[in-house]
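Coordinate inspection notes
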Amino acid sequence: MPLTNLFTAKKLPVPVDYMFLRSHALFLFDKIAAAVIAVDSAGFITIFNSEAEQVFNRQAKDVLGMPLKKVFPNLPSHEYYLLRILKTGKELKDVEFSYCPYTNQEGIFSHSVALVKGQHGTIDGAIWLRKDLTWEHRFQKEVNNVEIQAIVSQIAAGTAHEIRNPLTTAQGYIQMAKQHCPPEVQEYLEIAMEEMNQINRTITEFLAFIHPGEEGLQFISLNNLLEDLLQLMEKVGTMVNIEFIAHLDKDIPLCLLDSELVKQAVLNVLRNAIEAMPQGGRLSVDTSFCRDTDEVMIDIADTGAEIHAEVLDRIFKPFVSMKVNSPGQALTLANRIVQHQGGYLQVCSKKDRGTSVKIFFPVCKS
C-alpha cells in the first residue's frame, strides 16, 4: 500500500485493516516526543504530526499534500533530508547536528530519516524524525560538571590545607628568627612574613570559594544593599563614561541571606558588567518580586559586547572571562555564593543588546 494512500486525509475505499493501521499510526506519531514529517515518492508531505506543528510553526491542515520545498523554501539542497534520501537511498539514524536550518536555532538536534518501501520493494516515500536534545545535553553536562567539581573541590581543599600547615610552621620560625637577628636582617624577614601572610589570605579566600560559610544569616533588604553598592560603583562608572539606571521595586520582601556574601556576589557581577563596556555604555539594575515562585530577582544588564554561546555554556566555570588578558573568577564566585544562599543565576546575551545577569533569591530559605 503506497504511503500516500495510507496516511493522507483523502477518503479512499481501503480495507478496514488499513484504516485501523492508519488511525493508530497517526495516534502514535502525535504522541511521540519528536517532530515527524513524511513525504511520498514525489516529495509531497503526507504526515505532519503535532510536534512538527509546534516546532516548525505550521499547521498540518495547511501543509499536507504540498511539496516539501514549497513549505520550507530557500534551504540549501543538502538540508532537505527527506528529498536527499529519496535521491540517494542513504538513511540517517540518530545523527546529531548543532544547528537546525528549519527553525534557525542553535542547539543539539538528532535526525533519523528512513525510506518507506512497498510490498514489492518499491520506494513509496520517506519519513523523518527530528528530536531536540539541547536541554537534555545541557542537563547531562551540568550533572557531569557537578560530579567533577565535587571531586576537584575535595582535592583542592585538601591541597590548600596541606600548603597551609607547613606555611604556619615557617611563619613561626620567622617570628623566632626576628627576635635573634640584627635590624638589617629583620627587614628582610618582615618582607618574607608579609609575603607568607599574602599566601595565607589567598588560601583563606580559596577555601571560602569552595565552601562558603553559613554564618551571618539575617533578614536583609536587597534594595538597601544595592543602593549602597551603586553609590560606590557610580563613582567608578563615571570615570569610564557609564550611565547607571536603577529601578528598585519598593515592595520586595526581606530575604534571609548573608549580607556580606551577597554583597560580594553582586559586586562581582557589577564589576564584570563595567569591565564589559570599556568604551562606556549603560548599566541598569532592576529588582522585582515574583509571587508565583516566592523569589526576589535582581537584574543587572549592560550594553557591552555579546557573549557568544560557546562562552555562555561555561560562563560559571573557573578562569572564564570576557577580558582578554585576565582569566578572572567574578561570575564563578558569584554563582557559587548565590547557590549557597539558595538562589541561582541566569545569563542572557544578545547581539547589539548586551548581557543581562539575573540573580534569584528565595524569600524564605528552606
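On to the side chain of E295. Its place among the elements puts E295 in strand β10 (residues 295-302). Although E295 lies buried, it forms no salt bridge, and the closest oppositely charged side chain, K358, sits 12 Å away as judged by the N-O distance. Here Y344 takes part through its side chain, which lies 3.1 Å from a polar atom of the side chain of E295. Not counting the four nearest positions on each side in its chain, E295 is found in contact with S288, F289, C290, Y344, F360, F361 and V363.

Turning to helix α6 (residues 81-88), its buried residues are Y81, L82, I85 and L86. The buried residues of α6 occupy one face: seen down the axis, they fall within an arc of 140°. Check the buried side of α6 and you find it contacts β1 (35-40), α5 (68-71), β3 (92-100), β4 (105-117) and β5 (123-132).

Taking strand neighbours across the sheet as the criterion, the five strands line up as β2-β1-β5-β4-β3 in an open arrangement whose pairing is antiparallel. The strands lining the two open edges of the sheet, one partner per strand, are β2 (45-48) and β3. On average, each strand axis in the sheet is inclined to that of its neighbour by 20°, with strand direction left out of account. Of the strand pairs in this sheet, β4 and β5 are connected by nine bridges, and their pairing is antiparallel. In the strand pairing of β5, V116 is matched with G125. Here α6 sits on the sheet in contact with β1, β3, β4 and β5, set at roughly 140° to β5.

Parameters and conventions
Residues numbered from 1 in each chain as written. Predicted model: local features only at pLDDT ≥ 70, side-chain atom pairs only at ≥ 80, totals over all residues. Heavy atoms only, no water. Helix = DSSP H or I, 4+ residues; strand = E, 2+ residues; numbered from the N terminus. Buried < 20%, exposed > 50% of the residue type's maximum accessible area, 1.4 Å probe, protein only. Lys, Arg positive; Asp, Glu negative; His and termini not counted. Salt bridge = Lys/Arg side-chain N within 4 Å of Asp/Glu carboxyl O. Polar contact = N/O pair within 3.5 Å; in protein donor to acceptor, adjacent residues only side chain to side chain. Contact = heavy atoms within 4.5 Å. Arc of directions from axis to C-beta. Pairing = 2+ DSSP bridges. Axes fitted to C-alpha atoms, helices over the stretch in contact; angles between N-to-C directions.

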